[in-house]
Amino acid sequence: MVRPVLYISSGSIKLGGILFGSGETAREKYIMDEVKQMRDADKKELFVYYAGVSRRDLGIIRRKIENNVNFDRIYFHQLSPATAANSGSGTLGLLYVREK
């Protein structure tokens, strides 16, 4: 499975890379790549957006994040039907604010 990685910066969306492998392998790589970037994140809030991800997998995702970064609050939001239809099942996005 091939998964694009998109980044939002200054109001524009940029392709950050492509992940190869099973959905689970690609998701694991995405999470760990993002965790490395979260060193300069504002640790107050993390937003996890998803489509077609099971509750069990959401729990695994939460634990992976909490074991590496200490956010005060982590919010999980299901993507809207329109966005999910465009991005597909298994979509995952981690959104946070970077400290200046």
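Source: prediction; values computed, not measured.

K.L.:
Could you clarify how one ought to interpret the packing of aromatic side chains in this entry?
P.N.:
Between two aromatic rings, the relevant description is the distance of the centres plus the angle of the planes. With the rule as written, the count across this model stands at 1 aromatic pair. Between the aromatic rings of F47 and Y75, the centroid separation amounts to 5.2 Å while the plane-to-plane angle is 20 degrees, which identifies the pairing as stacked. Within this pair, whereas F47 is found in strand β3 (residues 45-51), its partner Y75 is found in strand β4 (residues 73-78), the two being separated by 28 residues in sequence. Assessed through its relative accessible area of 30%, Y75 is described here as partly exposed.

K.L.:
What's the story with the pattern of salt bridges in this structure? I'm lost.
P.N.:
Once their charged atoms are close, side chains differing in charge can pair, the charge on each being opposite to the other. Scanning all chains against the criterion turns up 7 salt bridges. D57 is the salt-bridge partner of R27, the closest N and O atoms lying 3.2 Å from each other. Here D57 lies in helix α2 (residues 55-66) and R27 lies in helix α1 (residues 23-37), a separation of 30 residues in the sequence. There is no split in this pair, since R27 and D57 are both buried. By sharing partners, the salt bridges in this structure join R27, R56 and D57 into a single network.

K.L.:
Please explain the packing of α1 against α2 as it appears in this structure.
P.N.:
For any two helices packed against each other, the geometry is given by the interaxial angle and the distance between the axes. At a minimum axis separation of 10 Å, α1 and α2 run at an interaxial angle of 30 degrees. In terms of axis orientation, α1 runs roughly parallel to α2. The handedness of the crossing between α1 and α2 is right-handed. Residue-level contacts link R27, E28 and I31 of α1 to D57, I61, K64 and I65 of α2. When its residues are assigned to classes, the contact of α1 with α2 shows 3 nonpolar, no polar and 4 charged.

K.L.:
Any chance you could explain the pairing of β4 here in plain terms?
P.N.:
For a regular strand, the rule is simple: side chains alternate between the two faces of the sheet. Pairing of β3 with β4 involves 6 bridges; the strand directions are parallel. Looking across to β4, one finds that Y49 is bridged to H77. Note that the unit made of β3, α2 and β4 has a crossover that is right-handed.

K.L.:
How should α2 be read in this particular structure?
P.N.:
Helical geometry: 3.6 residues make up each α-helical turn, so side chains three or four residues apart lie on a common side. The end-to-end C-alpha separation of α2 is 16 Å, in line with the 16 Å expected for 12 residues at 1.5 Å each. Looking at α2, one finds that the buried residues are D57, L58, I61 and I65. For α2, the arc enclosing every buried residue in end-on projection is 105 degrees, short of the 170-degree limit, so these residues lie on one face. Exposed side of α2, more than 90 degrees from the buried face: R55 and R56 are the residues found there. Where α2 is buried, its residues contact α1, β3, β4 and β5 (91-95).

What counts and how
- Residues numbered from 1 in each chain as written.
- Predicted model: local features only at pLDDT ≥ 70, side-chain atom pairs only at ≥ 80, totals over all residues.
- Heavy atoms only, no water.
- Phe/Tyr/Trp six-rings, centres within 6.5 Å; stacked < 30°, edge-to-face > 60°.
- Helix = DSSP H or I, 4+ residues; strand = E, 2+ residues; numbered from the N terminus.
- Buried < 20%, exposed > 50% of the residue type's maximum accessible area, 1.4 Å probe, protein only.
- Salt bridge = Lys/Arg side-chain N within 4 Å of Asp/Glu carboxyl O.
- Axes fitted to C-alpha atoms, helices over the stretch in contact; angles between N-to-C directions.
- Parallel < 35°, antiparallel > 145°, perpendicular 65-115°, else oblique.
- Left-handed = near helix turned anticlockwise from the far one by under 90°.
- Contact = heavy atoms within 4.5 Å.
- Nonpolar A, V, L, I, M, F, W, Y, C, P; charged D, E, K, R; others polar.
- Pairing = 2+ DSSP bridges.
- Right-handed = clockwise from strand over helix to strand, strands pointing away.
- Expected span 1.5 Å × (residues − 1).
- Arc of directions from axis to C-beta.

None of the figures reported here should be taken as evidence of function without further support.
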